[in-house]
Amino acid sequence: MAVFISRYVKGIIQFFEKLEKWLLVILLGALVGFALLQIILRNFFSTGLVWGDDLLRHGVLWISILGASRATLEKKHIRIDLLPKVLPARMSFIADFLCCFLSFLVCVVLFWASWNFVQGERLAGHTAFASIPYWWVELIFPIGFAIMALRFGFSFVSGLVGKPGMMER
Amino acid sequence: MKTALFTLLAILMAFSGAPLFVVISAAALFCFYLIGVDISIVVIEMYRLAANPLLIALLFFAFAGYVLAESGAGQRLVKLSTAIFGCVRGGLAVVALLSCAFFTALTGASGITIVALGGLLLPALLKERYPENFSLGLLTSSGSLGLLFPPSLPMIIYGVVAGVSIPKLFLAGLIPGIFLLALLVGYSVYRGVRGECRIITFDRQELLQTSRETIWEILLPVVVFGGIYSGFLAVSEAAVVTLVYVLVVALAINRDVKLHQMPSTIGKTVIMVGSIIIILGASLALNSFLIDQQIPNRVLLWIQSHVHSKFFFLIILNVFLLLVGCILDVYSALVIVAPLVIPVAQGYDLNLLHLGIIFLTNLQIGYSTPPIGMNLFIASLRFDKSIIRLGVASLPFLGILLVALLVITYVPALSLLLVR
């Protein structure tokens, strides 16, 4: 039973990681295409979509936050790992373990804060480009922080069973 | 008491390797919580990221850089500059410096230069009998050499944080960058001549052929700057055009990057950009707290009461930035430290463009200094040499960079000549 569940969970995670990767590829590709279209429209046809710039900037925001969650998965966040380099292996393992736990907590709080933010925006009801409500595009904050919290949480749990968490895989 | 305990914990966390964005976010959350403001403000401040068109430029330039790094552009550049400079004494060292600077400017000083060009240049230098330590030091410190040349990504980040015009910043970096490069070239030629290193015979045919192969990369600066300085394109649009140009050249003309490599290239780009921008977001939140509490003003008053002359302030600034550069990488250093330093520097009547160049020069030096100079680690992996040995080998180059730093700091005209 346990084996079955763990395989099931693993399958879901793998599916999600693949989905995330392709979402990023499509998002970036679409963004490049759209940006190019805007330039062509502006310079050759003296026209363009008024909300185009807003869309591009939000696209970059989405990519950045999804990229940051991806960086959490691949342990590629920018950090100062001075102590783990000088401490003995056992100590730096514990430091690493604690870092995962604290990062998990901070991301949970950020998730909560961004959830409240989005709720507030939903009630305010402003619309962004192409009459999409602003809170839809702002949903990336709670989504991103939830993914990051989960990933830090996973690293922490795998630290419990003795695997390195924050260090490079 | 609470604050002291938290600060201690945050510093401990930062140095034990917690992601910096987590530490900064935690600080922002804690600060706002302490003064009784709803902590959603942290996310609201982060959302200001979506108001900045320069981040579009950052993303597209970074992507273009990664595509270039995957393509054979580095090898072609080395081949071309060897055909031009290989025939003079010390020429190969010049080749190394110039191609590293060019490549770093395009790929954004994220260690790619050492990985992509180092393995190519080290054996070539050794073959022409350059001393091993000299060659190792040269390549290690060249890994961040192009920071002052457009379209360097750290420059764009400084522009975002300081709110200065990117086209002007690009111009401001040009002369200091050339000056720095010239000093290093001078030293390398001196070593090459004294060491009686071998030279390569000049081959006209070879030069013609390599120029033809490299023509698309040679035209790249025209694409980057043509749009910006002719006034046709904004910086973010120039980045799009550059990216499309690089993609077309790599995928369709030279065909040295395959379409199926794109997902992994995009993956790398997105991770790098995401990990920089999330730190930027977190520090937007922390800085809005600091400004709200007038912390930068208080720092300025405190420093002004102790430091009276601009001359002395600049020394302190440089020492401080060198220390920062030793601990933080260039992006987090800019994002975290620049907002605090900028108001202080303005108090001493320092031009923000000039300050940017001082910042970048310092941080570039920090790349090659222990304990966490990124160049040292990457070079150590790439060349399979100990970090200590590489550190020692880079010392002469660091010395030259420090001299250049002094000149750049105390001769503002160097940075401001082209801007006025």
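You'll find the structure just up there.
Description of the structure in this document. (Residues numbered from 1 in each chain as written. Chains lettered and ligands numbered in written order. Predicted model: local features only at pLDDT ≥ 70, side-chain atom pairs only at ≥ 80, totals over all residues. Heavy atoms only, no water.)

To continue, consider the overall build of chain A. A count of helical and extended segments in chain A gives six helices and zero strands. N-terminal to C-terminal, the α/β element order of chain A is α-α-α-α-α-α. Taken against the 2.2 N^0.38 rule, which gives 15 Å for 169 residues, the C-alpha radius of gyration of chain A at 20 Å runs more than 25% over that of a compact globule. A burial count over chain A gives 41% of its 169 residues as buried. For chain A, the computed accessible surface area is about 9300 Å², with 72% contributed by carbon and sulfur atoms. (Helix = DSSP H or I, 4+ residues; strand = E, 2+ residues; numbered from the N terminus. Rg over C-alpha atoms; globule rule 2.2 N^0.38 Å. Buried < 20%, exposed > 50% of the residue type's maximum accessible area, 1.4 Å probe, protein only. Areas by Shrake-Rupley, 256 points an atom, 1.4 Å probe, with all protein chains shown as cover.)

Our next topic: the interface of chain A and chain B. Interfaces are often described in size by the accessible area the parts lose on coming together. Taken residue by residue, the interface counts 56 residues in chain A and 56 residues in chain B. A buried area of about 4800 Å², summed over both sides, lies between chain A and chain B, and 83% of it is on carbon and sulfur atoms. Looking at the side of chain A facing chain B, the largest losses of area belong to Arg-57, Ile-78 and Ile-80 of chain A, adding up to 16% of the total buried there. The tally of links from chain A across to chain B stands at one salt bridge. Put simply, Glu-237 of chain B and Arg-42 of chain A hold a salt bridge, and the shortest N to O gap is 2.8 Å. Here chain A and chain B share eight residue pairs in polar contact (both at pLDDT 80 or more) between them. (Contact = heavy atoms within 4.5 Å. Buried area = accessible area lost by both parts, 1.4 Å probe. Salt bridge = Lys/Arg side-chain N within 4 Å of Asp/Glu carboxyl O. Polar contact = N/O pair within 3.5 Å; in protein donor to acceptor, adjacent residues only side chain to side chain.)

Turning our attention to unusual backbone geometry. Outside of glycine, negative phi angles account for most residues, and trans bonds account for most peptide bonds. Residue and element names in this part refer to chain B. Note the cis peptide between Pro-150 and Pro-151, where omega equals 0 degrees. Examined against the element boundaries, Pro-151 turns out to sit in the loop between helix H8 (132–142) and helix H9 (153–162). Phi is positive for Asp-349, which is not a glycine, with a value near 65 degrees. Positionally, Asp-349 belongs in the loop between helix H17 (330–347) and helix H18 (352–366). Not every positive phi belongs to a glycine, and Asp-384 is a case in point at roughly 60 degrees. Mapping Asp-384 onto the fold places it in the loop between helix H19 (374–383) and helix H20 (387–410).

On to the side chain of Ser-135 of chain B, then. Turning to its location among the elements, Ser-135 of chain B is positioned in helix H8. When neighbours within four sequence positions are excluded, Ser-135 of chain B is seen to be in contact with Leu-122, Leu-125, Leu-126 and Tyr-130 of chain B.

This next bit is on helix H1 (residues 2–15) of chain B. Between the first and last C-alpha of H1 of chain B there are 20 Å, a value that for 14 residues agrees with the 20 Å anticipated at 1.5 Å per step. Residues of H1 of chain B that are buried include every one of Phe-6, Ala-10, Met-13 and Ala-14 of chain B, and no others. Projected down its long axis, H1 of chain B shows its buried positions confined to an angular sector of 100 degrees, all on one face. In this structure, H1 of chain B carries Leu-5, Leu-8 and Leu-12 of chain B as exposed residues pointing more than 90 degrees from its buried face. In this structure, the buried side of H1 of chain B is in contact with helix H4 (89–124) of chain A together with helix H2 (20–34) of chain B. Directly after H1 of chain B, the chain includes Gly-17 of chain B, whose backbone phi takes a positive value near 105 degrees. (Expected span 1.5 Å × (residues − 1). Arc of directions from axis to C-beta.)

Residues and elements named next belong to chain B. Running from amino to carboxyl end, helix H15 (residues 295–306) crosses H17 at an angle of 45 degrees, the nearest separation of the two axes being 9 Å. By the angle between their directions, the pair H15 and H17 is classed as oblique. H15 and H17 meet at a crossing whose hand is right-handed. Between H15 and H17, the residues in contact are Pro-296, Val-299, Leu-300, Ile-303 and Gln-304 and Leu-340, Pro-343, Val-344 and Gly-347, respectively. Grouping the amino acids of the contact of H15 with H17 by side-chain chemistry returns seven nonpolar, two polar and no charged. (Axes fitted to C-alpha atoms, helices over the stretch in contact; angles between N-to-C directions. Parallel < 35°, antiparallel > 145°, perpendicular 65-115°, else oblique. Left-handed = near helix turned anticlockwise from the far one by under 90°. Nonpolar A, V, L, I, M, F, W, Y, C, P; charged D, E, K, R; others polar.)

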